[in-house]
Amino acid sequence: MAWQYTPYMLPLTISALISAGLSLYAWRRHPASGAASFALLALAVAIWSFTYAIELASASLALKLLWAKVQYLGIAAIPLFWFVF
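As the structure is a computational prediction, the values presented were derived from the model and not from experiment.

Caption draft 1: A look at the overall build of the chain. Looking only at helices and strands, the chain features three helices and zero strands. In terms of overall dimensions, the chain has C-alpha extents of about 45 × 20 × 15 Å along its principal axes. A sequence separation of at least 24 residues applies to 64% of the contacts in the chain between residues at least 6 apart. Carbon and sulfur atoms provide 77% of the accessible area of the chain, an area that totals close to 5800 Å².

Caption draft 2: The arrangement of the packing of helix H1 (residues 9-28) against helix H2 (residues 35-57) in detail. For the pair H1 and H2, the least separation of the axes is 8 Å and the interaxial angle reads 160°. As far as their axial angle goes, H2 and H1 are roughly antiparallel. Classified by chirality, the crossing of H2 by H1 is left-handed.

Caption draft 3: Representation of the packing of aromatic side chains within the structure. Following the criterion strictly, the structure yields one aromatic pair and no others. Plain terms: the ring middles of Phe38 and Phe85 are 5.5 Å apart, the flat faces sit at 45° to each other, and that makes the pair tilted. Taken together, the positions of Phe38 in helix H2 and Phe85 in the segment after helix H3 (61-84) put the pair 47 residues apart, joining distant regions of the chain.

Caption draft 4: Structural view of a nonpolar patch on the surface. Together, Trp27, Leu40, Leu43, Ile47 and Leu73 make up an exposed nonpolar region whose accessible area comes to about 460 Å². Residue contributions to the nonpolar patch peak at three residues, all from H2. Relative to the elements of secondary structure, Leu73 occurs in helix H3.

Caption draft 5: Seen up close, the packing of H2 against H3. Put simply, H2 and H3 touch, their axes get as near as 8 Å, and they point 160° apart. One way to sum up the angle between H2 and H3 is to call them roughly antiparallel. H2 and H3 meet at a crossing whose hand is left-handed. Counted together, Ser37, Leu40, Leu41, Ala44, Val45, Ile47, Trp48, Thr51, Tyr52, Ile54, Glu55 and Leu56 of H2 and Lys64, Trp67, Ala68, Val70, Gln71, Gly74, Ile75, Ala77, Ile78, Phe81, Trp82 and Val84 of H3 form the full contact between these two elements. Of the residues that constitute the contact of H2 with H3, the class distribution is 18 nonpolar, four polar and two charged.

Caption draft 6: Spatial organisation of H1. Here H1 spans 29 Å end to end across 20 residues, near enough to the 28 Å set by a 1.5 Å rise per residue. Here H1 has its buried residues at Leu12, Ala16, Ser19, Ser23 and Ala26. Buried residues of H1, seen end-on, are gathered within an arc of 95° and therefore sit on one face of the element. Projecting away from the buried face of H1 at angles above 90 degrees are the exposed residues Leu10, Leu17, Ile18 and Arg28. Residues of H1 that are buried make contact with H2.

Parameters and conventions
Residues numbered from 1 in each chain as written. Predicted model: local features only at pLDDT ≥ 70, side-chain atom pairs only at ≥ 80, totals over all residues. Heavy atoms only, no water. Helix = DSSP H or I, 4+ residues; strand = E, 2+ residues; numbered from the N terminus. Contact = heavy atoms within 4.5 Å. Areas by Shrake-Rupley, 256 points an atom, 1.4 Å probe, with all protein chains shown as cover. Axes fitted to C-alpha atoms, helices over the stretch in contact; angles between N-to-C directions. Parallel < 35°, antiparallel > 145°, perpendicular 65-115°, else oblique. Left-handed = near helix turned anticlockwise from the far one by under 90°. Phe/Tyr/Trp six-rings, centres within 6.5 Å; stacked < 30°, edge-to-face > 60°. Patch = residues over 30% accessible without salt bridge, like charges linked within 9 Å, V, L, I, M, F, W, Y side chains within 5 Å. Salt bridge = Lys/Arg side-chain N within 4 Å of Asp/Glu carboxyl O. Nonpolar A, V, L, I, M, F, W, Y, C, P; charged D, E, K, R; others polar. Expected span 1.5 Å × (residues − 1). Buried < 20%, exposed > 50% of the residue type's maximum accessible area, 1.4 Å probe, protein only. Arc of directions from axis to C-beta.

Set out below in structure tokens:
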């Protein structure tokens, strides 16, 4: 696999790590009102950000298409979890 550096990778990766951390923190507070839906929302944002960073870093068209398809798991889940939250 060939990778290419883009300046957008670092902010996207940082936002994915922050979102994943918030998801884990909220999941530990599961009994609190809205914690589970926020945890799922933050996890969907983390999936979207991380897979978009990987998509930008991919050099071949086949890998870009693969990661674009995986990224839609997070994209499609965000409005649902936002509404539930």
